[in-house]
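So the chains spell out like this:
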Number of protein chains: 2
Amino acid sequence: MSRPPVLDFYFDFASGYSYFAAQRIEKLAALHGCSVRWHPVMLTALSASTGVPPSPMVPVKWQYVLRDMQRTAQAEGMPLSLSRAFPQVLLAPGRAMLWLRAEYGSAVALAFARTCFQAYYGDGVDIADVAVLQGIAAGLGVDPECLAEGLADPAIKEAFRQGNALALQRGVFGVPFVLADGEPFWGYDRLPQLEQWLASAPARKAAA
Amino acid sequence: MSRPPVLDFYFDFASGYSYFAAQRIEKLAALHGCSVRWHPVMLTALSASTGVPPSPMVPVKWQYVLRDMQRTAQAEGMPLSLSRAFPQVLLAPGRAMLWLRAEYGSAVALAFARTCFQAYYGDGVDIADVAVLQGIAAGLGVDPECLAEGLADPAIKEAFRQGNALALQRGVFGVPFVLADGEPFWGYDRLPQLEQWLASAPARKAAA
């Protein structure tokens, strides 16, 4: 039997549906024996490339999205208490995650990402604030001063930018987005289809 | 006990997800004792107003949407055999539906709409062709010549235009879209949430 696919999970800390997906992706992957590669990207950069304005720029759509987010949180039993700063462009958490992965490994980077999502969407904390990110990192045994230096490192900024460009090349035009063996799933609402797709993997392989 | 809500169902014959929703909305409504008001609208007009380009105008997104439509059709067990003319702006079927409703009543208009969706998405027939629409209408006992005259009637064109404007006023920025007592549900993938919302209606009323 062939190996289960790796799930490439593209997300933006600025995206509420990325928060929902981040809560669910690891559980879903574990159920199907997959591992997950977390890719922080910048939705505004993807949007600039496709010409589709981010939802907060479209008042009638944004009003709906806010309502849908609350309804989704309620239906899924997830806490949702938005930061007053929401919505906003977020660069620092994604860069911090890349720096943490390079310096402390994937497990610390992942724990950091999860705590950031929880803080921003569950506890209303503004994660654009570098001091907040330093506090989260310190809780994971990371030197806060080093994190601040890492965030200012041009190499980290460039890595984040390149991650975006690569995502676009792979057809990632929005978030959350999952690529499973090249099969694309866009949106939190497509995770059930991803699950169906993973569940039908043996049949797919046999037919190939 | 208060009456179940009327479902205002906004759709565009040009939208694949409207086809999926049209197949499901009446069954869903019947389950919950609701009636459905069908509102043909023009997605390109809504898009022009919001500044969000229709998906076919965004190549990387459109490639995904085509794949997602096939996957959705397969998952839901619905036929999908696209017309070669797809995607395209469609005015005539929506106008024809309004004219049929005015002249022959809601049941004939609804049967017409269903047959149009089936023809365009299930059988690959181009429903921009007025002769095709005349054939569908003739099958429902409608005089084809009268339909052609109705389509050219400035009052019908104006009614279609006004329907779009009214939809936008109600916050309808995309299709398919359902308003249930003012509660908005956008997208075929939100019909399960609409069902949950309808199922919880007694609890909602009691709490009000």
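Up top is the structure.
Note that the structure is predicted; figures quoted are calculated from it, not measured.

Asker: Explain the packing of aromatic side chains here, please?
Answerer: Here the distance between the centres and the angle between the planes together describe a pair of aromatic rings. One pass over the structure, following the stated rule, counts 46 aromatic pairs over all chains. On the numbers, 6.5 Å between centres and 40° between planes, the contact of Y19(A) with F117(A) is tilted. You can see Y19(A) sitting in helix α1 (residues 16–31) and its partner F117(A) sitting in helix α5 (residues 106–122), a full 98 residues away along the chain. Residue Y19(A) is classed as buried on the basis of its relative accessible area of 1%. For F117(A), a relative accessible area of 3% puts it in the buried group. Considering the side-chain rings of Y64(A) and F177(B), the 5.7 Å spacing of their centres and the 55° angle between planes classify their relative orientation as tilted. Residue Y64(A) is located in helix α3 (residues 59–76), and its partner F177(B) is located in strand β3 (residues 177–180); the two belong to separate chains. When sorted by exposure, Y64(A) lands in the same class as F177(B), which is buried.

Asker: I'm lost on the packing of helix α6 (residues 130–138) of chain A against helix α7 (residues 144–152) of chain A in this one. Help?
Answerer: What describes two packed helices is the angle between their axes and the distance between those same axes. Residue and element names in this part refer to chain A. Interhelical geometry of α6 versus α7 gives an angle of 130° and a closest axis separation of 9 Å. Considering their axes alone, α6 and α7 lie oblique with respect to each other. Where α6 crosses over α7, the handedness of that crossing is right-handed. Across from V130, L133, Q134, A137 and A138 in α6, the residues of α7 making contact are P144, E145, L147, A148 and L151. Taken together, the residues of the contact of α6 with α7 sort by class into eight nonpolar, one polar and one charged.

Asker: Looking at this structure, I do not really get the relation of the copies chain B and chain A. What am I missing?
Answerer: Mapping between the two chain copies consists of a rotation about an axis together with a translation along that axis. The operation relating chain B to chain A is a screw motion whose rotation component is 180°, with 0.0 Å of axial translation and a residual RMSD of 0.0 Å. The relationship between the two copies is best expressed as a two-fold rotation axis. If distances are taken from each C-alpha of chain B to the rotation axis, the shortest is found for V52(B), at 2.8 Å. An overlap of 100% is found between the interface residues of chain B and their copies at the interface of chain A, pointing to a shared contact surface.

Asker: Got a minute to help me understand the interface of chain B and chain A in this structure?
Answerer: One frequent convention defines the size of an interface as the accessible area lost when the parts assemble. Opposite the 26 residues of chain B that make contact, chain A presents 26 residues. Carbon and sulfur atoms make up 58% of the surface buried where chain B meets chain A, a total of about 2,400 Å² over both sides. For the pair chain B and chain A, the number of links is eight salt bridges. In this structure, D189(A) engages R190(B) in a salt bridge whose closest nitrogen and oxygen atoms are separated by 2.9 Å. Counting the contacts that link chain B with chain A gives 16 residue pairs in polar contact (both at pLDDT 80 or more).

Asker: For this particular structure, what's the right way to read the sheet that holds strand β2 (residues 36–40) of chain A?
Answerer: Hydrogen bonds between backbone groups are what pair the strands of a sheet, and the pairing can be parallel or antiparallel. Residue and element names in this part refer to chain A. Spatially, four strands are ordered β2-β1-β3-β4 in an open sheet, and the strand pairing comes out mixed. The open sheet has two edge strands, β2 and β4 (183–186), and neither has a second partner. Within this sheet the neighbouring strands show an average axis-to-axis angle of 20°, counted without direction. With four bridges connecting them, strand β3 (residues 177–180) and β4 associate as antiparallel partners. The residue of β4 that forms the bridge with F177 is W186.

Cut-offs used in this document
Residues numbered from 1 in each chain as written. Chains lettered and ligands numbered in written order. Predicted model: local features only at pLDDT ≥ 70, side-chain atom pairs only at ≥ 80, totals over all residues. Heavy atoms only, no water. Phe/Tyr/Trp six-rings, centres within 6.5 Å; stacked < 30°, edge-to-face > 60°. Helix = DSSP H or I, 4+ residues; strand = E, 2+ residues; numbered from the N terminus. Buried < 20%, exposed > 50% of the residue type's maximum accessible area, 1.4 Å probe, protein only. Axes fitted to C-alpha atoms, helices over the stretch in contact; angles between N-to-C directions. Parallel < 35°, antiparallel > 145°, perpendicular 65-115°, else oblique. Left-handed = near helix turned anticlockwise from the far one by under 90°. Contact = heavy atoms within 4.5 Å. Nonpolar A, V, L, I, M, F, W, Y, C, P; charged D, E, K, R; others polar. Least-squares fit on C-alpha atoms with pLDDT ≥ 70 in both. Buried area = accessible area lost by both parts, 1.4 Å probe. Salt bridge = Lys/Arg side-chain N within 4 Å of Asp/Glu carboxyl O. Polar contact = N/O pair within 3.5 Å; in protein donor to acceptor, adjacent residues only side chain to side chain. Pairing = 2+ DSSP bridges.

From the geometry alone we can't say anything about function, so treat these as descriptive.
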